[in-house]
Amino acid sequence: MAQVPQTFFDALAVRTWCGLALETLGRAREEIDAINVYPVADGDTGTNLYLTVESAAGAVEAVFAGYAAGPARPAGSGADGPTLADAVRAMAHGALIGARGNSGTILAQLLRGMAQVLAGCESAQAGGHDLRLALRHAADSAREAVAHPVEGTVLTVASAAAASAESAGGDCGTVARAAYAGARTALAETPSRLPVLERAGVVDAGGRGLVAVLGALVETFTGERPRGPAGHAGRVPEARDSGRRAAGAVEAAGRVRAAEVLRAAEALRAPEAPGTAGEHARVVVRPVPEGPRAASATGPEGSGVPGLTAGADHRGTGEPDAPGGGDASHARVETPARAEPLPDAVPVCAEPGEGSGGVDEAGQDGPAFEVIYLLEAGDAAVARLRARLDGLGDSLVVVGGDGLWNVHVHVDDPGAAVEAGIEAGRPYRIRITHFGAGDVHTTGAERPPRERAQRAVVAVVPGEGLAGLYADAGATTVLARPGEPPASGELVQAVRRAHAREVVLLPNDAELRHTAAAAAEQVRTEGVRVALIPTRSAVQGIAALAVHEPERRFDEDVVSMTSAAGATRYAEVTVAEHESWTMAGICQAGDVLGLIDGDVAVIGPDLTTTAETVLERMLAAGGEMVTLVLGEDVPDSVGRHLEARVREGHLAVDTVVYRGGRQGALLLIGVE
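Reading guide: rules and limits
- Residue numbering note: each chain is counted from 1, following its sequence as written.
- It should be noted that, the model being predicted, local features are given only for residues of pLDDT at least 70 and side-chain atom pairs only at 80 or more, the latter also being counted only at that level, while totals for whole chains, interfaces and linings use all residues.
- To obtain the side-chain values, all non-hydrogen atoms of the structure were included, while hydrogens and water were left out.
- The convention used is that axes are lines fitted to C-alpha atoms, helices contributing only their stretch in contact, and that angles between N-to-C directions extend from 0 to 180 degrees.
- Each helix corresponds to a stretch of at least 4 residues labelled H or I by DSSP, and each strand to a stretch of at least 2 residues labelled E; elements are numbered beginning at the N terminus.
- Oblique is the label for every angle not falling under 35 degrees (roughly parallel), over 145 degrees (roughly antiparallel), or within 65 to 115 degrees (roughly perpendicular).
- Each helix crossing is assigned a hand: it is left-handed if the near helix lies turned anticlockwise from the far helix by less than a right angle, otherwise right-handed if that turn is clockwise.
- When checking whether two residues touch, look at their non-hydrogen atoms; a contact exists if any pair is within 4.5 Å.
- When accessible area is computed with a 1.4 Å probe and restricted to protein chains, residues below 20% of their type maximum are described as buried, those above 50% as exposed, and intermediate ones as partly exposed.
- Strands qualify as paired when DSSP identifies two bridges or more between them.
- Any Phe, Tyr or Trp ring, taking Trp's six-membered ring, that has another such ring centre within 6.5 Å forms a pair; planes under 30 degrees apart are called stacked, those over 60 apart edge-to-face, and the others tilted.
- Grouping buried Ala, Val, Leu, Ile, Met, Phe, Trp, Tyr and Cys residues that are joined through side-chain atoms within 4.5 Å yields what is termed a nonpolar core.
- Multiply 1.5 Å by the residue count of a helix minus one, and that product is the helix's expected span.
- Whenever Lys or Arg places a side-chain nitrogen within 4 Å of a carboxyl oxygen from Asp or Glu, that contact is recorded as a salt bridge.
- Pairing of N or O atoms within 3.5 Å defines a polar contact, subject to two protein rules: one partner must be a possible hydrogen donor and the other a possible acceptor, and residues neighboring in sequence count only if both atoms are side-chain atoms.
- Known as pLDDT, the predictor's per-residue confidence is scaled from 0 to 100.
- Under the scheme applied here, ten amino acids are nonpolar (Ala, Val, Leu, Ile, Met, Phe, Trp, Tyr, Cys and Pro), four are charged (Asp, Glu, Lys and Arg), and all others, including Gly, are polar.

It is the contact of helix α16 (residues 488–498) with helix α17 (residues 513–524), at a shortest axis distance of 8 Å, that shows an interaxial angle of 45 degrees. Between α16 and α17, the angle falls in the class oblique. Two packed elements cross with a definite hand, and for α16 against α17 that hand is right-handed. On α17, the residues touching S488, L491, V492, V495 and R496 of α16 are T515, A516, A518, A519, Q522 and V523.

What follows is the structure in structure tokens.
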């Protein structure tokens, strides 16, 4: 964390602000979750805001890390670090791609609006005048992004902050103080502007989160943490009992029935739009969990990877259970097979979206589904998309620009919302969340919480194919997309979804060790027993899952899984992006690299030749089982060829081949 206070708004100030905002939201997350009653009391506004800012902060840190790792620059060149424009653009982009829920999406647009002004500053540092302009543009652009703005929400708080900032003179610290004060005042008045807040006895949760973010801005420029927001930690004093009842609704979100998931699947099987064939193959329909945590896709009681035999296909179909039989709370819905799978569609488990389904302000049933996706499309296509989605549902927020957008809407027909995105451009990272008919939001009756499972496995996986394999083995998965590792908050959410007393956490990446440790530490405070096995590759995680036995004592199971992972050497084959020095010599851009246990060991001309060399080096030290995980663009013939080479040269060694999907590396190799 950079030192405070910061005198000007420069790149370092952006970094400091993001870090402080993340800390502040981390402290306030549970409080904000508890007062979340609008548009639906689903209790995740604080978490969604935290994850949005975590993504923004991670993007800013990546810019600084990239500068630090870059080539040395001449002294006095003025290029000792990223510029203000670099930092604010990274912040805005990180928030956009990581935005969660209604409030998180609006916050992403607020940060983008600020970035548009600050990135245009002629000097390397912005002052109080620039900050005033940035806050005003942020408030206006966020309001424009919402199809039907409602007063008494985060939009009101943002507008009040901008108005107060405009009336203040002086430096960034003075402007930030004024914006914070205006936001606090507006937050305290939100119950009088929105009847649902007044009835519940709470202030707006999204507005409360924005006040926290502005408080971090004050601390950035003054070095002083401002006093807490108005409203007695978010509640109106005279209505605390009502607020508790509203917060109690958070704990009873129901599970969608299998029949309802199947109906959703039919909605998603609409004819593909002209010109979009083969682009979008899989989306996810998920209910909000029954209690504060939800079960894994196939339940945490799975014992090891089923049927791990040579040549077996463990990708799984993800079909929901038949009505009345089994747990359909995490069914995966697949559209008919097309030429090319949907990139980055969330497999198995995506976070419950904020404000999905439930009861609207008048007490009538609202739309049953929340649909969120990133969209690559032009401005004209997005304008048409807004009009179409506005006719399908409510809570429509479309943020972004320059060809990349984040779309959020509540609808009863999720298939139509997705098809609208397909017609507009290329949607991906599609998340569909469903509140089951008959939950507390629609009936007012509270169902008893579901019993926790005894043990679960939570694993980070680099591709959709591996996600299916891990889910078939009973694990709750978190998808790590190429270049976008999951944040600690996402791991915490996954552990909560697993809904177990004991959890084994598999990060499957050396660089995620500290992130996973932070997540484990946080959930331990919630009474969950967590063991972190420091797996460095997904193939080590497969080995650990293969010996997982939930019936054993927890310590014995962890020791066995750790031993299996540690006995598995791992490698990957990838393509060099630029010229670089390696342990195997100098590589050129486009060379195929074979990394063994994290170090470059082979530089080859093509995938097959390099993979053969890597396998021979690994098997020279012995081995009983070879695991090959093929990337999305690698043909099956490569797997068959390598399997044949192992069989020819090592008769006692078995080989199993999986499809990994968009996993980053061309090939993952494990030798046990």
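Further notes follow.
Here we take up unusual backbone geometry. Located in the positive-phi region is H499, a residue other than glycine, with phi close to 55 degrees. Among the structural elements, H499 can be located in the loop between α16 and β9 (500–506). When its relative accessible area of 6% is taken as the criterion, H499 is described as buried. If you check the backbone angles, D597 has positive phi at about 50 degrees while not being a glycine. Relative to the assigned elements, D597 resides in the loop between β14 (592–596) and β15 (599–604).

Take the pairing of strand β4 (residues 393–401) next. Where β4 and strand β5 (residues 404–411) come together, seven bridges link them in antiparallel fashion. Counterpart to D394 in the pairing with β5 is H410. In this antiparallel pair of consecutive strands, β4 and β5, the connection spans two residues, and D402 shows a positive phi of 55 degrees.

According to the stated counting rule, one finds two aromatic pairs in the structure shown. Taking the centre distance of 6.1 Å and the plane angle of 80 degrees together, the rings of F9 and W17 count as edge-to-face. Summarising the burial analysis for this pair, F9 and W17 share the class buried. Judged by centre distance (5.2 Å) and plane angle (70 degrees), the ring pair of F9 and F221 falls under edge-to-face. Here F9 is found in the segment before α1 (11–34), whereas its partner F221 is found in helix α9 (residues 205–222), with 212 residues between them in sequence. Both residues of the pair, F9 and F221, belong to the buried class.

Among the nonpolar cores identified, the biggest contains 88 residues, and F9, V14, W17, M91, M114, L131 and L135 are the most heavily contacted of them. Take this core: its biggest share by element is 11 residues, from α1. For F9, the contacting residues outside a window of four places in its chain are V14, W17, L84, M114, L118, A124, Q125, A126, L131, C172, L217 and F221.

In an α-helix, one turn spans 3.6 residues, which is why side chains three or four residues apart end up on the same side. Helix length check: helix α3 (residues 84–98), at 15 residues, gives a terminal C-alpha distance of 21 Å against a target of 21 Å (1.5 Å per residue), a fit within 8%. Among the 15 residues that make up α3, 12 are buried, leaving the element largely enclosed by the rest of the structure. L84, A85, A87, V88, A90, M91, A92, G94, A95, L96, I97 and G98 are the residues of α3 that are buried.

Judged by pairing direction, the sheet is mixed, and its six strands sit side by side in the order β15-β14-β11-β18-β16-β17 without closing on themselves. Where the open sheet ends on each side, the last strands, each with one partner, are β15 and β17 (654–661). The sheet shows a mean angle of 20 degrees between the axes of neighbouring strands, direction not considered. Where β14 and β15 come together, five bridges link them in antiparallel fashion. Its bridge partner being in β15, G594 is matched across the sheet by V602. Set on the sheet, helix α18 (residues 538–546) makes contact with β11 (569–575), β16 (625–631), β17 and β18 (667–671); between it and β18 the angle comes to about 45 degrees. Its contacts with the sheet put helix α21 (residues 636–649) on β16, β17 and β18, and the angle it makes with β16 is roughly 165 degrees.

Moving on: the environment of P195. Inspection of the secondary structure puts P195 in helix α8 (residues 195–200). Residue P195 is classed as partly exposed on the basis of its relative accessible area of 35%. In the structure, P195 is positioned 43 residues away from G152 in sequence and 8.9 Å away in space, judged by C-alpha atoms.

A few words now on the sheet that holds strand β7 (residues 453–461). Taken together, the four strands give an open sheet; going across it, the order is β8-β7-β9-β10, and neighbouring strands pair in parallel fashion. If you trace the sheet from one side to the other, it starts and ends with β8 (475–479) and β10 (529–532), each paired once. Pairwise comparison of adjacent strand axes, ignoring direction, gives a mean angle of 20 degrees for this sheet. This element, helix α15 (residues 464–472), spans β7, β8 and β9 of the sheet and lies at about 165 degrees to β8. Its contacts with the sheet place α16 against β7, β8 and β9, and it is angled at close to 160 degrees to β8.

Here we take up the pattern of salt bridges. Across all of its chains, the model carries 26 salt bridges by this definition. Between D33 and R29 there is a salt bridge; the shortest N-O distance is 3.5 Å. Of the two residues, D33 and R29 are both situated in helix α1; the distance of four residues between them amounts to about one turn of the helix. In this structure, the salt-bridge partner of R143 is E151, at a minimum N-O distance of 2.8 Å. The class of R143 is partly exposed, set by a relative accessible area of 23%.

As a further point, take the environment of L396. Tracing the backbone through its elements, the reader meets L396 in strand β4. Sequence-wise, L396 and V146 are 250 residues apart; in three dimensions their C-alpha atoms are separated by 6.0 Å. Once residues within four sequence positions are removed from consideration, L396 is found in contact with A145, V146, A147, R386, L389, D390, H408 and V409.

Position of S141 among the secondary structure elements: in helix α5 (residues 128–145). A distance of 3.1 Å separates a polar atom in the side chain of S141 from the backbone oxygen of A138. Not counting the four nearest positions on each side in its chain, S141 is found in contact with Q109 and G113.

Mean pLDDT for the chain: 76, with 74% of residues reaching 70 or above. Note that residues 74–78 has pLDDT below 50 and, in this model, zero contacts with residues that lie over four places away or in other chains. A low-confidence stretch, residues 436–448 (pLDDT under 50), is modelled with 31 contacts involving residues beyond four sequence positions or located in other chains.

What follows deals with helix α4 (residues 101–118). In a regular helix each residue adds 1.5 Å, so 18 residues correspond to 26 Å; α4 covers 26 Å between its end C-alpha atoms and thus fits that length. Most of α4 is tucked away, with 16 of its 18 residues classed as buried.

What follows is about the packing of helix α2 (residues 45–69) against α4. As a packed pair, α2 and α4 sit with axes 8 Å apart at the nearest point and diverge in direction by 35 degrees. Handedness of the α2/α4 crossing: right-handed. Where α2 approaches α4, its residues T45, N48, L49, T52, V53 and A56 are matched on the opposing element by G101, S103, G104, L107 and L111. Residue composition of the contact of α2 with α4, grouped by class: five nonpolar, six polar and no charged.

Quick look at the pairing of β14 now. Most of β14 sits inside the fold, with five of its five residues counted as buried. Residues V592, G594 and I596 of β14 are buried on one face, and the alternating residues L593 and L595, pointing to the opposite face, are buried as well. As defined by bridge partners, β11 adjoins β14 across five bridges and the pair is classed as antiparallel. Of the residues in β14, the one forming a bridge with E572 is L595. Following β14, the chain reverses through two residues before pairing antiparallel with β15; D597 in that reversal takes a positive phi of roughly 50 degrees.

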